[in-house]
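# Descriptive analysis of the structure
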Amino acid sequence: MAKLCLYFQLHQPYRLRPFSVFELNQDLNYFIEHKNGQPKDENAQIFRKVAQKSYIPMLSLLLDIATTHPSFCFALSCSGVFLEQAQAYQPEVISLIQRLTETGQVELLAETYYHSLASLYSPVEFRRQVEQHEELVQELFGYTPKVFRNTELIYANFIAQQVEQMGYMGMLTEAVDRYLGGRPRTQLYRSYTQPPLPLLLKHAQLSDDVAFRFSNKAWEEHPLTAEKYVHWLNSYYADEFINLFMDFETFGEHQWEDTGIFNFFRHFVDRSIQYDHHFVTPSTVLEPYALAAKSTESLPVYDVPDPISWADIDRDLTAWRGNSLQNDALRLVYSMEADVLKSGDAALVSDWRRVQTSDHFYYMCVKWSADGDVHKYFSPYDSPFEAYNRFSAVMIDLQDRIRQQQPAQTAD
Amino acid sequence: MRDTQHRVLMVGWEYPPHNSGGLGVACEGLTHALADTNANIFFTLPYRFSTAVTHMKVITCQNPAEVELALAGRPPFLAYSPSVVSPADFALKDSIELSALPQSEIEQRVNYYADQVLSAGKQLRQKYDLIHAHDWMAFPAAMKLQEKVKKPFIAHIHSTEMDRIPSGHGSHYIAHTEYLGMQRADRVIAVSNFTKRILIDKYHVDPKKIVVVHNGVTPASKLVNDELQFATKRPMIVFMGRLTAQKGAEYFLQLARAVVDQIPEALFVVAGHGDQYHSLLFQSAYQQLSASVLFTGFMRDHQREALLSRADVFVMPSLSEPFGLVALEAAQRETPVIVSENSGVKEMLTHSLKADFWDVEKMASYITELVTDPVFRAQVVTGQNEDLEHATWQNAADNVSKIYSKLLEKKS
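What counts as what
Residues numbered from 1 in each chain as written. Chains lettered and ligands numbered in written order. Predicted model: local features only at pLDDT ≥ 70, side-chain atom pairs only at ≥ 80, totals over all residues. Helix = DSSP H or I, 4+ residues; strand = E, 2+ residues; numbered from the N terminus. Buried ≥ 20, exposed ≤ 12 C-beta atoms within 10 Å, placed from the backbone. Contact = placed C-beta atoms within 7 Å. Right-handed = clockwise from strand over helix to strand, strands pointing away. Pairing = 2+ DSSP bridges. pLDDT = per-residue confidence, 0-100. Domains from an automatic or database assignment. Nonpolar A, V, L, I, M, F, W, Y, C, P; charged D, E, K, R; others polar. Axes fitted to C-alpha atoms, helices over the stretch in contact; angles between N-to-C directions. Parallel < 35°, antiparallel > 145°, perpendicular 65-115°, else oblique. Left-handed = near helix turned anticlockwise from the far one by under 90°.

Further remarks concern the overall build of chain A. Broken down by element type, chain A carries 18 helices and 12 strands. Projected onto its principal axes, the C-alpha coordinates of chain A cover approximately 70 × 50 × 40 Å. A burial count over chain A gives 47% of its 412 residues as buried. Residue pairs in contact within chain A that sit at least 24 positions apart in sequence constitute 76% of those at least 6 positions apart.

Here it is as structure tokens:
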């Protein structure tokens, strides 16, 4: 009889096309390759493929369930670069999300437009990207997000501070044992900041049972049925929150249709309702605190001095900045901020922001073992070194465009 | 064209297009020029050679029946057995790939080749008067054959194990094979005085037996300007070579760091592949050079020419370079060259700039000067053009012909 809070992440990066020394300084698109005059847009191909396998069938399923079960509700977070690509490559995805939001049973979350790591590097850029995202969500869905989730659930005290200042009523993040201690992840917490911000923490085990282990035949619980899963949920009390946060692509992409994932989800909702579990969304949970009907101060403190995330075994930032390739790439991107913005060149600004997407740095990760396997699965490139080389070439080209702007400005 | 025809059996190992280093290129240049001076050459290779060659007769020293068997398809698990060298794979190892194999496999391949050369050489014994073997892979074959047919044997040294593994901890087997070959040879050809010094000091070869014959370079086709319109906004400094300790790419990165501090827009291009690749990427990023150094991988043909032509400076910081053909190729394209003091090519490029491979400061100041002072640059290029007039394969072939004549005189 617990409260079930579902959130699914929709995101696709603009992957870099092959970019070599012979292509520098020729005003070429960093994301779409042209071969013999014909565009070879890998991003479009990937988006359409994933749309067929996951976005369209799962959004349709969610719409169907929402229609049959008025008490079913959930949250979605769509990065700006995802929404841009959906508009360009598969507009049906946008209209499905529109129809879902019209049911009133879907909450859209706030995040950075570019699914970036700006929260770690530039408070100003962070805020701008959050605002840009809010504008797009407003424009497409007539909806203003109230709760924030950061890229890959990255969180630390200083990020909560920034998010609170932007006026959001709360934030989603990961429950990391080294900071949670032995406390349950099924209650609300507050940030270790002044004023405090309420927090919902992901239930990693139950989330990953679906997201990562569902079709793993070596897992002792395989095959996972809705009955078994809901039976696990039954052991929680009515005042507990089970926060199931996962990638949207879990449904149809990471777990293919033939694993039975879609049927599982439908039955999971049916059974949950049968057993009196209660679906909630982040803003309905957090609203009483925002309205001061309940005291945020009275919530237990989740003190996170060093940033955490929902990635890899260690739930830290080493997926994006664990080696010198990543660190220098990030240093470069954010060192350009002032010059890029000063240029007033919209194309330059847009390219600079697109290369901030966290995936670019994720692809450069050289971890081994299970984490490495996961990274490899998600990477479009042959190796982390190829990812670095492409990024490096694009950085060189971007720098040259910035330098080109500068003499013109001194002339003014 | 001379009246008396030299009839030579050359024992080779690689020949373009199947080569990644300079040995194959040198064999091509030298045999062409020798053929022009009326030499009749049989050239043995350890693999089936499919390119049309008319200036000499290429002999495949590999059992054709085994090749057919290999192509017909063997049980795939044979590939996992370290004791079985598949003839098909045999064909695919150039000298650099060969020396990376386990010693037992190197010996097996080299000895197998020796047996094949012996049987071909015996059959042809009436048709040649001299045996001319290129580097250690060919020495066991040449020695076996010489023992049988009693004809003069010339050991041609393009590089030694002491160059390739500058730490001195190279393969004992390879160094010993080099030693035996040179002891048994009637003449030793060294590609430079630098190499001659090594042969005397490290291999104790009788100085009277060694003749220095510098390599030449094949005239280059000029690229049209259109082909050089890349990376136009930066001074470009190029390194081209295998990424191994021998070639000093690590010093090239240190150099990049020093120059970028002076000329922030300088672009350093590392063209090549090798076992230091990953380590160099990390070093580059660690030195914050991600937007100053670009790794291109191994380059061939047109891309290689374009890069050498476009370069504003070519640097060869080798720890030990017997010759260094690529420096000549850069000079041919009117690119100013900085060569290591530990190189053979510096004996030909008397007008190029020279520095110790470790003298980053000196190389950096040369680069700054070349990039900022067009007069100095023109002076270097003009000087190099003069040097190139002597750097022909015809000169090399004339010198080799003299050695042939002398050996034959002595014999008769």
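Having seen the model, we can carry on.
Here we take up the pairing of strand β8 (residues 236-240) of chain B. All names here are of chain B. Counting buried positions over the 5 residues of β8 gives 5, a clear majority of the element. Going residue by residue along β8, you find M236, V238 and M240 tucked away on one face and I237 and F239 tucked away on the opposite face as well. Between the parallel pair β8 and strand β9 (residues 267-271), the chain is carried across by helix α10 (residues 249-262), and the sense of this crossover is right-handed. Two elements, β8 and strand β11 (residues 313-316), share 2 bridges in a ladder whose sense is parallel. Opposite I237, over in β11, you have V313 as the bridge partner.

Taken as a whole, chain B shows an average pLDDT of 90; of its residues, 92% reach a score of 70 or greater. Overall fold confidence for the complex sits at a pTM of 0.91, while the interface term, ipTM, reaches 0.91.

Attention now goes to the domain arrangement of chain A. Residues and elements named next belong to chain A. Domain assignment breaks chain A into domain 1 (3-302) and domain 2 (318-411). Facing the 23 residues of domain 1 at the interface are 20 residues of domain 2. Here the side of domain 1 that touches domain 2 is composed, by residue class, of 13 nonpolar, 6 polar and 4 charged.

Residues and elements named next belong to chain B. With 5 of 5 residues buried, β9 lies mostly within the body of the structure. The alternating pattern of β9 places L267, V269 and A271 and F268 and V270 on opposite faces, both of which are buried. Note: β8 against β9, 5 bridges, orientation parallel. By the bridge assignment for β9, I237 is matched with F268. In the sheet, β9 pairs with strand β10 (residues 293-297) via 4 bridges, with the strands oriented parallel. What sits directly across from V270, in β10, is F295. Taking the sense of rotation as the criterion, the β-α-β connection linking β9, helix α11 (residues 277-286) and β10 turns out right-handed.

This part is about the sheet that holds strand β3 (residues 57-60) of chain B. Residues and elements named next belong to chain B. Taken in spatial order, the 7 strands of this open sheet run β3-β2-β1-β4-β5-β6-β7, and their pairing is parallel. Edge strands, defined here as strands with exactly one partner in the open sheet, are β3 and β7 (210-212). Between one strand and the next, the sheet's axes are offset by a mean angle of 25°, whatever the strand orientation. As paired elements, strand β5 (residues 153-157) and strand β6 (residues 187-190) share 4 bridges and run parallel to each other. Of the residues in β6, the one forming a bridge with H156 is I189.

What follows covers the packing of helix α9 (residues 226-233) of chain A against helix α10 (residues 261-274) of chain A. All names here are of chain A. Axis separation between α9 and α10 bottoms out at 9 Å; the angle between their running directions is 45°. The orientation of α9 with respect to α10, classified from their angle, is oblique. Considering the relative orientation of α9 and α10, their crossing is right-handed. In this structure, α9 contributes A226, E227, Y229, V230 and L233 to the contact, and α10 contributes F264, H267, F268, R271 and S272. Partitioning the contact of α9 with α10 into residue classes produces 6 nonpolar, 2 polar and 2 charged.

Taken together, the contact pairs 23 residues of chain A with 21 residues of chain B. Contributing elements (two or more residues each) for the side of chain A that touches chain B: α13 (324-335) and α18 (384-411) of chain A. Sorting elements by how many residues they give to the side of chain A that touches chain B places α18 of chain A first, with 10 residues. Classifying every residue of the side of chain A that touches chain B gives 11 nonpolar, 7 polar and 5 charged.

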